[in-house]
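# Tertiary structure, described
Here's the letter readout for the chains.
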Amino acid sequence: MQPDQPPELAGEGKDLFSKFDDLIAMREGLLASGQEDPFSLVMEKVLSPTRAICNGRDTILLGTYNYMGMTFDPDVIAAGKQALDEYGSGTTGSRVLNGTYQGHKACEDALREFYAMDHAMVFSTGYQANLGIISTIAGKGDYVVLDIDSHASIWDGCALGNAEVVPFKHNDIEAMDKRLGRIPEGAGKLVVLEGVYSMLGDVAPLKEMVAVAKKHGAMVLVDEAHSMGFIGEHGRGVCEAAGVMDDCDFIIGTFSKSVGTVGGFCVSNHPKFEIMRLVCRPYVFTASLPPSVVATAATSIRKLMHGSNKRAHLWENSKRLHQGLTALGFELGTKQPQSAIVAVIMPDLPRGAAMWEALLKEGLYVNLARPPATPANMTLLRCSLCAEHSSEEVETILGMFGRAGKAVGII
Amino acid sequence: MDRAQVDARIRTLAEPFNKKEVGIDEDTSFAGDLEFDSLTVMDFVAAIEDEFDIIISMNQQAEIETWGDLIDAVTRMVTT
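Every chain is numbered on its own, with residues counted from 1 as its sequence reads. Chains carry letters from A onward and ligands carry numbers from 1 onward, assigned in written order. Local features in a predicted model are, by the rule used here, given only for residues with pLDDT of at least 70; side-chain atom pairs are given and counted only at 80 or more, and totals for whole chains, interfaces and linings are based on all residues.

The name that an unreviewed UniProt entry assigns to chain B is Acyl carrier protein, with the source organism given as Tsuneonella litorea.

## Some remarks on the overall build of chain B
Within chain B, the secondary structure is distributed over four helices and zero strands. The helix count covers DSSP runs of H or I at least four residues long, the strand count covers runs of E at least two residues long, and both are numbered beginning at the N terminus. Helices and strands in chain B line up, N terminus first, as α-α-α-α. What the globule rule says is 2.2 Å times the number of residues to the power 0.38, and the radius of gyration is computed from C-alpha atoms. Relative to its length of 80 residues, chain B is compact, with a C-alpha radius of gyration of 12 Å against a globular reference of 12 Å. Projecting the C-alpha coordinates of chain B onto the three principal axes gives extents of approximately 35 × 25 × 20 Å. Burial statistics for chain B: of 80 residues in total, 18% are counted as buried. What counts as a contact is two residues whose backbone-derived C-beta atoms lie within 7 Å of each other. For chain B, the proportion of contacts with a sequence separation of at least 24, taken over those separated by at least 6, is 61%. The exposure scheme places C-beta atoms from the backbone and then counts, for each residue, the other C-beta atoms within 10 Å of its own, assigning buried at 20 or more, exposed at 12 or fewer, and partly exposed in between.

## Observations concerning the packing of helix α2 (residues 74-87) of chain A against helix α11 (residues 291-304) of chain A
All names here are of chain A. Only the stretch in contact is used when fitting a helix axis, every axis being a line fitted to C-alpha atoms; angles between N-to-C directions are given from 0 to 180 degrees. Interhelical geometry of α2 versus α11 gives an angle of 150° and a closest axis separation of 8 Å. Between α2 and α11, the interaxial angle falls into the category roughly antiparallel. Here α2 and α11 pass one another in a crossing that is right-handed. Touching Asp75, Val76, Ala79, Gly80, Gln82, Ala83, Leu84 and Tyr87 of α2 are Pro291, Ser292, Ala295, Thr296, Thr299, Ser300 and Lys303, all from α11. Amino acid classes used here: Ala, Val, Leu, Ile, Met, Phe, Trp, Tyr, Cys and Pro are nonpolar; Asp, Glu, Lys and Arg are charged; the rest, including Gly, are polar. Its residues assigned to classes, the contact of α2 with α11 shows seven nonpolar, six polar and two charged. These descriptions rest on fixed angle ranges, namely under 35 degrees for roughly parallel, over 145 for roughly antiparallel, 65 to 115 for roughly perpendicular, and the rest for oblique. Crossings are classed by handedness, with left-handed meaning an anticlockwise turn of the near helix from the far one by less than a right angle and right-handed meaning a clockwise turn.

## Some details on the interface of chain A and chain B
Contact with chain A, which involves 12 residues of that partner, is made by 10 residues of chain B. Taken together, the elements giving at least two residues each to the side of chain A that touches chain B come down to β6 (164-168) and α6 (173-181) of chain A. The residue makeup of the side of chain A that touches chain B, split by class, is seven nonpolar, no polar and five charged.

## Considering the domain arrangement of chain A
All names here are of chain A. These domain boundaries are the output of an automatic or database domain assignment. Domain annotation of chain A identifies domain 1 (31-68 + 308-408) and domain 2 (72-304). Taking only C-alpha atoms, the centre of domain 1 and the centre of domain 2 are 27 Å apart. Counting residues at the interface gives 20 residues for domain 1 and 20 residues for domain 2. Looking at the side of domain 1 that touches domain 2, the elements that each hand over two or more residues are α12 (308-328) and β13 (341-346). Looking at the side of domain 1 that touches domain 2 residue by residue, the classes come out as 12 nonpolar, seven polar and one charged.

## Comments concerning the sheet that holds strand β3 (residues 57-61) of chain A
Paired through backbone hydrogen bonds, the strands of a sheet run either parallel or antiparallel to each other. Residue and element names in this part refer to chain A. Pairing within the open sheet is mixed, and its four strands lie in the order β1-β2-β3-β14. Pairing within the sheet leaves two strands with one partner each, and these edge strands are β1 (43-48) and β14 (364-365). In this structure, strand β2 (residues 51-54) lies alongside β3, joined through four bridges in antiparallel fashion. Bridging across to β3, Arg51 finds its partner in Ile60. By the convention used here, strands pair only if DSSP detects at least 2 bridges between them.

## Re the confidence of the model for chain B
pLDDT is a residue-level measure of predictor confidence that goes from 0 to 100. Residue-level pLDDT values for chain B average 94, and 100% of them are 70 or greater. Here the predicted complex scores 0.94 on pTM and 0.93 on ipTM.

## As for the nonpolar core
Residues and elements named next belong to chain A. A set of buried Ala, Val, Leu, Ile, Met, Phe, Trp, Tyr and Cys residues, joined to one another through C-beta atoms within 7 Å, is what we call a nonpolar core. Counting residues in each nonpolar core, the largest one holds 137 residues, and the members touching the most others are Ile134, Val144, Val145, Leu206, Val220 and Leu221. Looking at this core, the element that brings in the most residues is α11, giving seven residues. Counting only domains with at least three residues in this core, you end up with domain 1 (31-68 + 308-408) and domain 2 (72-304).

## Points about the sheet that holds strand β15 (residues 367-369) of chain A
Residues and elements named next belong to chain A. Ordered in space as β13-β16-β15, the three strands form an open sheet in which the pairing is antiparallel. Where the open sheet ends on each side, the last strands, each with one partner, are β13 and β15. Pairs of neighbouring strands in the sheet enclose a mean axial angle of 25°, with direction left out of account. The pairing of β13 with strand β16 (residues 379-384) spans six bridges and is classified as antiparallel. Its bridge partner being in β16, Ile345 is matched across the sheet by Leu380. Across the sheet, α12 touches β13 and β16, and the angle it forms with β13 is around 20°.

## So, the pairing of strand β11 (residues 250-254) of chain A
When a strand is regular, its side chains alternate between the sheet's two faces. All names here are of chain A. Burial of β11 is extensive: five of the five residues sit out of reach of the surface. The two faces of β11 match: Phe250, Ile252 and Thr254 on one face and Ile251 and Gly253 on the other face are all buried. Sheet topology places strand β10 (residues 219-223) next to β11; three bridges connect them, and they run parallel. Note on β11: the bridge partner recorded for Asp223 is Ile252. Of the pairings in the sheet, the one linking β11 to strand β12 (residues 264-268) comprises five bridges and is antiparallel in character. The residue of β12 that forms the bridge with Gly253 is Phe265.

## As for the pairing of β16 of chain A
Residues and elements named next belong to chain A. Counting buried residues in β16 gives six out of six residues, a clear majority hidden from the surface. Neither face of β16 is open: one carries Thr379, Leu381 and Cys383, the other Leu380, Arg382 and Ser384, and all of them are buried. For β15 and β16, the ladder comprises three bridges, and the chain directions are antiparallel. Bridge pairing links Leu368 to Leu381 in β16.

Structure representation (structure tokens):
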């Protein structure tokens, strides 16, 4: 008899997929009402960072995290095309074998300059950056102390490692302080925070939290996926805006938002950081990014260093959308706009899905976020603004929200 | 502090989370009988941690299925 014997499967047609039956039923129930499937949208044509043809309709994109609109930047595209011609379509290898090209080094150079930090390590996705760094540095007997609303990649990094995992209530400085204070003496401590939390678009009180972490002798990792390029004087993120860059041991980021392509990274000033390249399994055991991707990323990162005008316009867009939606009577995730994410709280999943569909028919795409990915089991329509949305487009968006909200009976 | 005292104190802490006033014995399960979701678990665990000044990591929580498991685990932590 094995230990940990699973419960015996009973009944007709029971197999390993039976555990998904509830989810399958929920999905079928939703679609049976004639609802367009929110999780099977296809973009047939992409016209610009803010427009696409979705399910046959000309659609304004308000749910893509393409904050700085770099996806169609002519310099970025030219760099990608040149790299395709000169280096081919892919590296077919790991970074530590045949997969490090000149372009990967150039991309890491751009990151070091962007953050003014000593080391930069590029991963194939942002997910792998969190997965790799967290699982590798926090080992058996160490403690990871993290916010309960952390992104899936952070939780999965904890699950892949062997450290003790201790969550605390979202953005609760005192709860974090207490937990750090109870960790046995001598144990290694890693505090994991995010600059902007992507579900509600709220910002962490990093000044206070990083100070508390340092008081307890913990290392600090901050995920700045949703703030890079946009928050802070140089676009380095909430850490920069809060003046705590020097106390952050690791900053994790992604190329799939402001940078406008795909990939992830970690930057650090730790003197031993380079050893990560040999011991971090999600870095070693996967193929490196294609040459065209690192070329577009490096070009985009360098342009983001000089993006202050675009940053200012993005803030204007976020403030106007937040204020306009509040005036229409919608309930939002934050009282004040704190980032380029504006989350509209829906009363329940059926009405959230109906509202999502009504907006799509108006010609607007937003993200439908539902439990269990959301805090407090909320259903959210998540809007992420782009620096390339014109002021007129934001007014058009508000008109669409007003009509759809009345049609569905939410406002 | 002995096991009975730990049980009594946690029983008081559990009251506000036990909305359906399920009768609790040693074999009562948190997921099945008390229907605690992940948010309730976090708040309940935080209340216990603050009461006894301990940490119950998620790794330790994974081993706790029933009321008896919880009382055993906390008793061990406060007596060692």
